[in-house]
Amino acid sequence: MISIIVPVYKAEKYLSRCVDSLLAQTYTNFELLLIDDGSPDKSGVICDEYALKDSRVRVFHKENGGVSSARNLGLENARGEWITFIDSDDWIKNEFLEKLLVDFDIDLCVGGNVCSSGCYMKLHDRLYDRKIITNFIKQYLPTQLLHTVWGKLLKREIIIKNNIRFSEDVRFGEDTLFSYQYLCHCNSIMTVSYCGYNYMEATVGWVQNSRKYKLSLSEIDISLNKIILTIKKLSEHFCYSFGVETDIYIFFSMYSTINFIDEERVEEYKSLCQKYMPQMDDKSFYCSHLYSPILRGIMELKCCYEDGLYNDGKELFPILYTISRLTPPNTPFAYKDFYLWEKLIRHKAFCLCDFLLRLYLNIKSLNKH
């Protein structure tokens, strides 16, 4: 049986779409746990109405404590062999559960997804056993795929045995932390090409969370530190250093927070950036990190990478390398970056996302390419 956990808060506008898509699944051996997190609207009433209509629906009402506490309550009451998480404003296609419940003895199954903006991430049907599981982690560790818990099937036995829970003392990055902790106990992963999960883009992301919850820099610091420690545990478990992937994750995390930093807090923010990226000097911070067009471009490239366009434009690597070598060294960073970005846009060099990050972070790995 599969336990579907849905945290519910101020979701009356989308909740019926979500629950209807779950009850319409072609695979019917599941229980649906709706966790009403003290929602002030009619969400709790809607949950109770569904419980009266379908015996597979179980409703839990609690005081508001945040999405992590809601999911943890779901985990404590789940009875299925498998766990999957659905956000209340998202919905799934009819064959979602059937497609993810593959005939393999695996620890994690991951499917593709479709964003409300029309973007999508399509994976390949592939089994990653213990010998090649690091290939999966290297590719997807810094991406949205492993920064979220939805769109996956997880073994309840692994979660219970290792006491994996959502951290209730952080208000962002909790999905990433849970996902990485779970990976520490995986020895096999299956990816499926079926794109059955539909998510609302507006509810995702560090920038939205920071504005909504008025996050402090200390909260960002605590969350980053926890996630980095978990990546180190991943490295120990698989005897493989995920150093580059850690740098990429830190880079994206810090860059995503720029938009909510007030001018008077820039120096404080700079100190936090330099704590996690010591190679970033003052000149790089002021001339590149805050104002560089190429950094915004990198975020777009990351989106393209996640949408399955990573291999497009592979032949353009020599072009970028040549540009980076021949651009006059005394060119101001911002203009130099702008020049590179214009070239990338013109040639649709989507595949160069991680190379650009390596270049920017001064990681000397060009000889490996």
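Think of each chain on its own: its residues are numbered from 1, step by step along the sequence as written. Predicted model: local features are reported for residues with pLDDT of at least 70 only, side-chain atom pairs are reported and counted for 80 or more only, and whole-chain, interface and lining totals are derived from all residues. With hydrogens and water stripped out, all remaining heavy atoms of the structure feed into the side-chain values.

### Section: the packing of aromatic side chains
Note on aromatic pairs: the rings of Phe, Tyr and Trp (six-membered ring only in Trp) are paired at centre separations within 6.5 Å, and the planes decide the class, stacked below 30 degrees, edge-to-face beyond 60, tilted for the rest. Inspection of the entire model under this criterion finds 9 aromatic pairs. When the centroid spacing of 4.6 Å and the interplanar angle of 10° are considered together, the rings of W150 and Y197 count as stacked. With W150 in the loop between α5 (133-140) and β9 (152-155) and Y197 in strand β10 (residues 189-199), this residue pair connects regions lying 47 residues apart in the sequence. As far as the burial class goes, W150 and Y197 line up, both buried. When the centroid spacing of 4.0 Å and the interplanar angle of 5° are considered together, the rings of F166 and F178 count as stacked. Taken together, the residues span a long stretch of sequence, with F166 in the loop between α6 (156-161) and α7 (174-183) and F178 in helix α7 at a distance of 12 residues. On the accessibility criterion, F166 (3% relative accessible area) is buried. Exposure categories follow from relative accessible area, calculated using a 1.4 Å probe and restricted to protein chains: below 20% of the type maximum is buried, above 50% is exposed, and the middle band is partly exposed. The class for F178 is buried, based on a relative accessible area of 1%. Chaining the aromatic ring pairs together yields one cluster made of F96, W150, Y197 and Y199. In this scheme, the term charge over a ring applies when either NZ of a lysine or CZ of an arginine sits within 6 Å of the ring centre and within 35 degrees of the ring normal. Cation over ring: K99 sits above Y194, and NZ or CZ is 5.8 Å from the ring centre. Helix and strand labels come from DSSP, where a helix needs a run of H or I of at least four residues and a strand needs a run of E of at least two; each type is numbered from the N terminus.

### Observations concerning the confidence of the model for the protein chain
Confidence of the predictor at the level of single residues is given by pLDDT, which spans 0 to 100. Overall, the predicted model of the protein chain reaches an average pLDDT of 77, with 67% of residues at or above 70. Only heavy atoms matter for contacts: two residues are in contact if any of them lie within 4.5 Å across the pair. Contacts for the low-pLDDT stretch residues 360-369, under 50 throughout, to residues beyond four places or in other chains number 20 contacts.

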